[in-house]
Structure formats: structure tokens, C-alpha cells
Amino acid sequence: MANQSADVRKLFIFTTTQNYFGLMSELWDQPPLSNCLEINNFLDDGNQMLLRVQRSDAGISFSNTIEFGDTKDKVLVFFKLRPEVITDENLHDNILVSSMLESPISSLYQAVRQVFAPVLLKDQEWSRNFDPKLQSLLSELEAGLGIVLRRSDTNLSKLKFKEDDTRGILTPSDEFQFWIEQAHRGNKQISKERANYFKELFETIAREFYNLDSLSLLEVVDLVETTRDVVDDVWRQAEHDHYPESRMLHLLDIIGGSFGRFVQKKLGTLNLWEDPYYLVKESLKAGISICEQWVLVCNHLTGQVWQRYVPHPWKNEKYFPETLDKLGKRLEEVLAVRTIHEKLLYFLPASEEKIICLSRVFEPFTGLNPVQYNPYTEPLWKAAVSQYEKIIAPAEQQIAGKLKNYISEIQDSPQQLLQAFLKYKELIKRPTISKELMLERETLLARLVDSVKDFRLDFENRCRGTPGDASGPLSGKNLSEVVNNIVWVRQLELKVDDTIKIAEALLSDLSGFRCFHRSAEDLLDQLKVYEQEQFDDWSRDIQSGLSDSRSGLCIEASSRIMELDSNDGSLKVHYSDRLVILLREVRQLSALGFVIPAKIQQVANIAQKFCKQAIILKQVAHFYNSIDQQMIQSQRPMMLQSALAFEQIIKNSKTGSGGKSQITWDNPKELEGYIQKLQNAAERLATENRKLRKWHTTFCEKVVVLMNIDLLRQQQRWKDGLQELRTGLATVEAQCPLAWQSKWEGPEDPLQYLRGLVARALAIQNWVDKAEKQALLSETLDLSELFHPDTFLNALRQETARTVGRSVDSLKFVASWKGRLQEAKLQIKISGLLLEGCNFDGNRLSENQHDSPSVSSVLPCFMGWIPQDACGPYSPDECISLPVYTSAERDRVVTNIDVPCGGNQDQWIQCGAALFLKNQ
């Protein structure tokens, strides 16, 4: 290149090309290149606007035209802004340089997306002066190029779709958008239905990834778990053709990349060395958790779960996101540095030396961004950590002594000892401190050995018992026995594993470590064998049950869905509860990493297919079997028609023309229709029952309110309450059966009863006034004015007994139409009695004539209580004892009185003679 040093223009082109393609400088000394016609044309001819440089196996080639073709070679393009000859003065003002990688579409898309769209659309100064129509066109250009890039193998001269081609998929949002576009367009290679299925699965996380930068670190910790479930569902789906393995591998990679860049961006806003420790600690822990979780997700899915998933096994090696893993480890180192710094602040005395020491401790990290992990920054980071360790070395000796004193005070308590080592783990890992705490670490190792022995003993004592029993595994909620046992033993495994990790981190240099490690690993192996035995026993039991029709595990797609039991009339769905449990077991065991045998998985798939409908039918069956218990007994006749209509739908579960065939599981369209009819009928019945129960409760509440109203002082309130009751009764009057109305005490007409209620309330107030004036017994009384006339007569009996000095049992009740009772110390004059079945003129009973009324009034009479041995106003031979009822319905007796009949008592019994109080 020495002979070309005088031409600055060619030096610019050669140097740029050399740096871009990584060429040796000696190549430019060759005459064909130094006197290249195409280069001279570009530099010396104002009309020649372009120079293309391309590297191939044959070497470097120059051209003044673009002929991209079907090559994968990199291309470098020099082009002019203005049609001018290139000079030393305009060299840097008139030449633009651009490169092409993969394809022109890809290069243009990335240039628009990464450079021009952000400047022209997002920068305030440029976007303000940029035509809105042009802004819209630029956005459309970016979107259109992205669609073409995602759908095409852009290396081909004719754009051709290849689902395995993911070069246009740079972020998770690109992948989600790809399936949205395929769902709208589709082609011969991919169905719209399949694309729409994947699109709906990805919708669960699409919004979060699109707005990833706006989320917090803790929100993304949750997003990792959600993303794991989504990609697992995408891989396992069996409705359509499987998701390509190469595409899933790429998706896992770009998701990990997105998580890593998000963590770096969020943590980059903090000053990790100077911001408050609690803030840095929580942020770093969340970032570490994001990295660790996604690494574990990828390892677990591609290394275990998907490799064992028979319908769609993962064929390649497990995918390990190495960069994300190393970023997580870098963050752990940063956290350890900050944590050690905090422990230094805690342990070192508050002195000037401490202040000087701590002011220098982070100096090695000056100018180094610790979250920017890559192979180029790693040597710088390690050098900074090494300098940092030299700075804190003098302080470690002091800290070791303080830790030794602190641990010696608590070493008799195993739990406190373990907590202390965990709390100061970062300090104890330091070589100087670890050496000083040799005896204390030996003590901890002994405690961990005892813990492993306790774990082993607990396992051996419980492993053969029943979950929940004192001698069995601890039980969890909603877990079957096999899942419960596996979860229990997994928890023991975690405890043993945590113990091993603590020992490996802090005690690996001790002489007893190997023995401890071997014992703990043996226990882990024993726990894993038990875990596998539980699963194998479950698999054998289920597969055995599949061949037994009575096990409840068999479901035939062509079998009837439900029927009425001929013995007890209950409705039974042909989908056993054992199938529901099996589905839960299969789902839980799969989540725990077990490979479900194909035969069991097939049954579970069939059961899952009908599970939704079966659950609905079971709900309907439960409603049908228990609706009678939900009804108020007196309201059952009111719902008879709805209940019969519901039962008719159940009995006539037929389909087809003429309804000749039974509805079965394998007829989803008619099954859905039948379920809808059942649900509608059940809802009508339930709604009617709820409405009637509500009215029943409302009527009860309103009657109670009316009973507590003072009719003399709150008449308007009484009228308002009565009107509300009338309105409610009118609402259900057409449905209200006589059996319900008969529950009212009094006439079947509630309004008539309420009128009587008012009349009685007013009359009782009148009785109270007379009693206060000592004039009650001197007036003619009407027993129908009382709510409980029998109570009044009994009170008269008690008062008479006190007056004559006798017991109440020694008195008898008599009535007289001849005048006052001579033997009665207290007596009352009663009117308002009615007689049915015959007539009475005050002297004796007589038969009704053909034109006589069925009910006649009885003359007032005197009533009272006299001694049993005293003679009444009439001879027993010429009287008949007639009952006195509260109403003509003869449903409640007030008392019995002797009425003169002139003999022949049977005659009046046969005619049904009886007295009752008049209606109010």
C-alpha cells in the first residue's frame, strides 16, 4: 500500500475495506487492486455513484453495480451523496458507507429499525419537522419489511416461506408477531388454524414482552414462570402439527437474551457501589433470580421433560443459555462484594482507619460497569476483584476474631449456628477467615451430619405409613396419595440437598467432609428410589384398572353420558370421580417431571377431552339430586311444572331424526346443545326457587314488622307496611297454592286475616282501658276480639281459684243462658258466639229447617268457673258438651261448654253441632 500512500481517497477505501473484511495489508500492494478500474471510475467519474466491494472464495472483487444474487458473502458499499468527483476535500462529506449481511431486505430492515426510524420518529427535533404522512410511510415500511423477513428465506431470489428460518426473529415479540401474521394470511405450508392456536397461546405473555422495559424486576421474575408454562404448552400441544425444534431452540435463546438485556438495563440505572445496600441487594437478587430461573427452565424442559415427552420428544442436547448463566454468576459476585462491604461496616470499629479503608474498597471498579458481561470485560472484572481483595485483606484478620467470638457463644444451638454461618457466608468463604474458623466449621459439619441422620430416621419411620397419620408422610391439600408421597419426599430431598450445598460452600476442605458427603448422597439416592417406586406402583395400579370396567377409569366415547338410577331415582353421570382424580394426578406428576406411560396418557387425553362437559353435567346432576332439599316444603307444588320440565329433558336425552339414539360423548355438537338445554332448565328452576324463597323470607320479615307496630300511634306506618305486603302477595298470587296460604293463622285470605289483626288490636286496647277502670267483668265481652281467648279463660280460672281459696284443678267451666251463675264468684257475660249444625233459642237445641241458615247467632250467656262438686245451671242428662272453636274451619278449640239439648245427645253429634267465635 506504500505506493498508494499519496492518494488519500484510495487509502480511505482500502483501509475501510481492510478493516471490514479483516484483510492483510499486503494484498493491496498487488497491481490489479491498486489500479482497479472500478475504484478509479468511482473516484474520478462524477456520474459513477456506487462502488461495491465483495469478498468470496476467489478473493476481493469490485463493481460499480449491485448484483447481490444468491450469495451469502458480505458486501460493503460506498456511494455518493452528490454526483461529483471525489477529492481530498469532499472525501468525508460526499461518501456514505453501508454494509449488507444476509440479504438486502434484512440490511434495509435493520437500518430502518435501528437507525432511521428512531431518529425520524422518536427524536423530538426531527419528528417535529418530519411530514406526518412520511412518518406513517416509514412505519409501514418497517412493519412491511419485518413481515417479509419473518415469512421468507430472504437468501433466495424468489421469496419462499420456510418455518425453520428464524433469521428475521430477533426478539420474542417478533415470534409472537410471526404467528399473528400467519393466522391472518396462512399458505399451503401452514394452516391458519394452527397459527391461530399458537397465537392464542403466546397472547398470555405477548403484552408483557412488548412492554418489557416498563416492568419491574419482580414482575419479570413472575413473567419467567409464566413464560415457562407457555412454551411448555406450545411444545406439548397435540391439536396441530408440532412446533419445530429448531424454532423452539431459537425462541428459548431470544427469550433468554431479552431477559438478560432487561436485567442489565434495569441494574444499569443503579450505582451498584454507592446506592443504599438494601436497594442494591433486592435489585441484584431479583436479577439473579431471573437469570437462574430461566437457565433452570431451559435445563428442565429440554434436558428432562421434553426429552421424555413421547408424542414430541426433544431430540437435540439440552439447551443451556450460557451467556445468561454467566451474567447471573457475575451478579452474584457483585452482590457478594457489596455484602462483604456491609459486613465490614458492621464488624470493623468506627475509626478513621475504617473510613479510609472503606473509601478505597471500590476504587478498583471505577470505570467498570459490572453488569456488562462478555468475554472482553471478564479479564477486567477479574483484575478489579483481585485488587479489591488485596484492599480488604487487612480487615479480614480483625473480622475473623470477632466472628470466632460470636460463633462460640451460640455453637450449642444447632439452629442458631447454622443461621450464623448462612448470615455471614460471604465472609466465611474468604480464605483467611475460613482458616481462623476451623474449629467452628468442624462443629457445623458435625451438626450437619446429625441433621442427615435425622432426615434418614424421619424418612424410614414415615415412608410406609398413610399420609396425614402420625406415622405417615405429611399431607398436603388436594393431593392424591401418590402425589402427596412424592411431594413429601421431594421436600426431604431439598432439605438434604440444601445441607450438601452449605457443606460444599463452607466445609469442603475439612477432613470429615467426604464421609458426610457420601452419607448425604446415599440418602438422596434412597429418597429418589422411593420416589420412583411410588410412581411405578401408581402406574401399575392405573394400568391394571384400565382393564377393569368397575374401576371407574374406563370411558367409552360412544357410551351414554348420564341416566337415572332405577333404585333411588338419582341422576348419575357416566364420568367417574376417579377419572377426575386421574387427570389431576397425570397433570401433577407430569409437572413433577415424570414420563406418563402412553396407555395412561391416552386415557387421560380422552378424559380431558370430555372433562369440561362432564363437570357441567355433574353440577347439573348434583342440582337435580339436591333441589328438593333446597325447596321450602310448602312451595314445592308452586314449582311442579318447572321441575317436571327439567326431569323431562333428563329422561329424553335422545338425538337424531325422531330422537331414536342416545346422546353420547363422541357427538360434541349435540352434546353441547343438550348441556345447554339442561343448564337452561336448571337455571329456570333455580331462579324460580330463589325467587319464591326470597318472597317467603320477605313476607315473614314484613309480618314481624307489622306485629311490632303500635296501631294506635303508628297507623300510617301500619298502612304502608300492609300495602307493601299486599303488593308482594299480588306478585305471587297466581302461583300461591292453598297449602301455602293455609300456613297463615286464620282465614286463607291474608287480607281478611290482617283486617282481623287490626280489629283485635283495637279491641284489646279497649279491654285494657276497661280493666284499668275495674269495669271489664261487668261488661258484655266478645271472645273473638282476643288473639288467644283460651288464655283469657284460663286466667279467669286462676283468679277464681285464688278468690275461693281452691286449686285450679278443683274447678269446672259452666255457661248459663238462664241468668247469672249463683255458684261463681267471678263470671263474665259473653256474646258473639255462632252455632253450626242446628239452632238454639236459649232454652234448648232444635233441628234446622230447610230454609234455616247453616250458621246462626247464639244469645249472650254467663260463663265462669265453679267448684267441681257444685251444681251447674243445667242437669247433665239434658245437656250436650259442645266445642267452641276459634273459627268455622274448626282447626283450634278454645273450650267446651254444656248446652241444653232436651236429651238424645247422639242426634246433635250426628248433625255436627259446634260453636265458634265470629270472624273479626
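What you see is a predicted model, and the numbers here were worked out from it, not measured in a lab.

1. Points about the sheet that holds strand 16 (residues 861-867)
Pairing between the strands of a sheet comes from backbone hydrogen bonds, and it takes one of two forms, parallel or antiparallel. Sheet architecture is open: 4 strands sit in the order 9-11-16-10, paired in mixed fashion. One side of each edge strand has no neighbouring strand; the edge strands of this open sheet are strand 9 (780-782) and strand 10 (811-816). Sheet twist, expressed as the average angle between the axes of neighbouring strands with direction ignored, equals 40°. As paired elements, strand 9 and strand 11 (residues 827-831) share 3 bridges and run parallel to each other. Looking across to strand 11, one finds that T780 is bridged to K829. Sheet strands touched by helix 29 (residues 789-804): strand 9, strand 10, strand 11 and strand 16. Its angle to strand 10, the strand with the most contacts, is close to 115°.

2. Some remarks on the pairing of strand 3 (residues 75-80)
Across the 6 residues that make up strand 3, a large majority, 5, are buried. Two strands pair when backbone bridges link them, and strand 3 and strand 4 (residues 95-100) are joined in this way by 6 bridges, in the antiparallel orientation. Across the sheet, F78 pairs through a bridge with V97, a residue of strand 4.

3. Describing the confidence of the model for the protein
In the predicted model, the protein carries a mean pLDDT of 80, and the fraction of residues at 70 or more is 85%. Of all helices and strands in the protein, the one with the weakest mean pLDDT is helix 27 (residues 738-741) (53), whereas strand 16 scores best (93). Segment residues 656-660: pLDDT under 50, and 5 contacts once partners within four positions in sequence are set aside and those in other chains are kept.

4. Looking at the layout of surface pockets
Picture a little ball the size of a water molecule; that probe, rolled over the atoms, points out where space is still empty. In this structure, the largest pocket spans a volume of roughly 1,900 Å³. Lining the largest pocket are 50 residues, and of these E292, E332, K425, D498 and K501 lie nearest its centre. For the lining of the largest pocket, the class distribution of residues is 22 nonpolar, 7 polar and 21 charged.

5. Thoughts on the side chain of N90
Along the chain, N90 falls in the loop between strand 3 and helix 4 (91-94). Within the local environment of N90, its side chain forms a polar contact with the backbone nitrogen of T87, the two atoms lying 2.6 Å apart. If near-sequence neighbours (up to four positions away) are discounted, N90 is found in contact with E84 and V85.

6. Focus: the packing of helix 8 (residues 172-184) against helix 11 (residues 245-268)
Two elements in contact, helix 8 and helix 11, have axes separated by 8 Å at closest approach and are oriented at 140°. One element, helix 8, and the other, helix 11, form an angle in the oblique class. Of helix 11, the residues touching helix 8 (which contributes P172, E175, F178 and W179) are R247, L251, I254, I255 and S258. The residue inventory of the contact of helix 8 with helix 11, partitioned by class, reads 6 nonpolar, 1 polar and 2 charged.

7. Some remarks on the sheet that holds strand 4
Reading across the sheet, the 4 strands line up as 2-1-3-4 and stay open at both edges, with antiparallel pairing between neighbours. Each end of this open sheet is capped by a strand with a single partner; those strands are strand 2 (59-63) and strand 4. In this sheet, adjacent strand axes meet at a mean angle of 20° when their direction is disregarded. Bridging between strand 1 (residues 50-56) and strand 3 involves 5 bridges; their strand directions are antiparallel. Counterpart to R52 in the pairing with strand 3 is V77. Seen against the sheet, helix 3 (residues 37-44) touches strand 1, strand 2, strand 3 and strand 4 and runs at an angle of roughly 155° to strand 1.

8. A word on the packing of aromatic side chains
The final tally for this structure, using the stated rule, is 30 aromatic pairs. On the numbers, 4.9 Å between centres and 80° between planes, the contact of F178 with W179 is edge-to-face. In this pair, the class of F178 matches that of W179, namely buried. Taking 5.3 Å as the distance between ring centres and 35° as the angle between the ring planes, the aromatic pair formed by F365 and W381 counts as tilted. Here W381 lies in helix 15 (residues 378-410) and F365 lies in the loop between helix 14 (352-360) and helix 15, a separation of 16 residues in the sequence.

9. A short note on helix 29
In this model helix 29 runs 23 Å from its N-terminal to its C-terminal C-alpha over 16 residues, within 8% of the 22 Å that 1.5 Å per residue would give. Buried within helix 29 we find P789, F792, L793, L796, R797, T800 and A801. Positive backbone phi, approximately 75°, marks G805, located one or two places after helix 29.

10. Thoughts on the environment of A520
Along the polypeptide, A520 turns up in helix 21 (residues 513-546). For A520, a relative accessible area of 0% corresponds to the buried category. As for A520 and V449, which are separated by 71 residues in sequence, their C-alpha atoms are 8.2 Å apart.

11. A short note on the pairing of strand 11
As judged from the 4 bridges shared by strand 11 and strand 16, these two strands associate in the antiparallel manner. The partner of K829 across the bridge, within strand 16, is F862.

12. Observations regarding the pattern of salt bridges
The final tally for this structure, using the stated rule, is 24 salt bridges. Residue D44 pairs with R9 through a salt bridge whose shortest N-O separation is 2.7 Å. A residue pair is termed long-range when its members are at least 10 positions apart, and D44 in helix 3 and R9 in helix 1 (residues 8-21) qualify at 35 residues. We classify D44 as partly exposed; its relative accessible area is 42%. Connected via shared salt-bridge partners are R228, D229, D232 and R236.

13. Here's the deal with unusual backbone geometry
Even without a glycine there, the phi angle at Q774 is positive, about 60°. When you line up the elements, Q774 lands in the loop between helix 28 (750-772) and strand 9. One non-glycine residue with positive phi stands out, namely R890, at about 55°. Structurally, R890 is set in the loop between strand 17 (879-885) and strand 18 (893-900).

14. Considering the packing of helix 10 (residues 217-236) against helix 11
Between helix 10 and helix 11, whose axes approach to 12 Å, the crossing angle comes to 180°. Here helix 11 runs roughly antiparallel to helix 10, going by the angle between their axes. Judged by residue contacts, L217, V220, L223, V224, T227, V231, V234 and W235 of helix 10 engage E245, M248, L251, L252, I255, F259, F262, K266 and L267 from helix 11. Among the residues making up the contact of helix 10 with helix 11, the classes are represented as 14 nonpolar, 1 polar and 2 charged.

15. Brief notes about helix 16 (residues 414-423)
The set of residues buried in helix 16 consists of L417, L418, A420 and F421. The buried residues of helix 16 occupy an angular sector of 160° when projected down its axis, which confines them to one face. Close packing links the buried residues of helix 16 with helix 15, helix 17 (425-428), helix 19 (438-462) and helix 20 (481-506).

Here is what the cut-offs are and how they apply
- Residues numbered from 1 in each chain as written.
- Predicted model: local features only at pLDDT ≥ 70, side-chain atom pairs only at ≥ 80, totals over all residues.
- Heavy atoms only, no water.
- Pairing = 2+ DSSP bridges.
- Helix = DSSP H or I, 4+ residues; strand = E, 2+ residues; numbered from the N terminus.
- Axes fitted to C-alpha atoms, helices over the stretch in contact; angles between N-to-C directions.
- Contact = heavy atoms within 4.5 Å.
- Buried < 20%, exposed > 50% of the residue type's maximum accessible area, 1.4 Å probe, protein only.
- pLDDT = per-residue confidence, 0-100.
- 1 Å grid on protein atoms, 1.4 Å probe; cavity = no way out; pocket = protein on both sides within 12 Å on 5 of 7 lines; lining within 4 Å.
- Points joined across faces, edges and corners; volume = space filled by probe spheres on them.
- Nonpolar A, V, L, I, M, F, W, Y, C, P; charged D, E, K, R; others polar.
- Polar contact = N/O pair within 3.5 Å; in protein donor to acceptor, adjacent residues only side chain to side chain.
- Parallel < 35°, antiparallel > 145°, perpendicular 65-115°, else oblique.
- Phe/Tyr/Trp six-rings, centres within 6.5 Å; stacked < 30°, edge-to-face > 60°.
- Expected span 1.5 Å × (residues − 1).
- Salt bridge = Lys/Arg side-chain N within 4 Å of Asp/Glu carboxyl O.
- Arc of directions from axis to C-beta.

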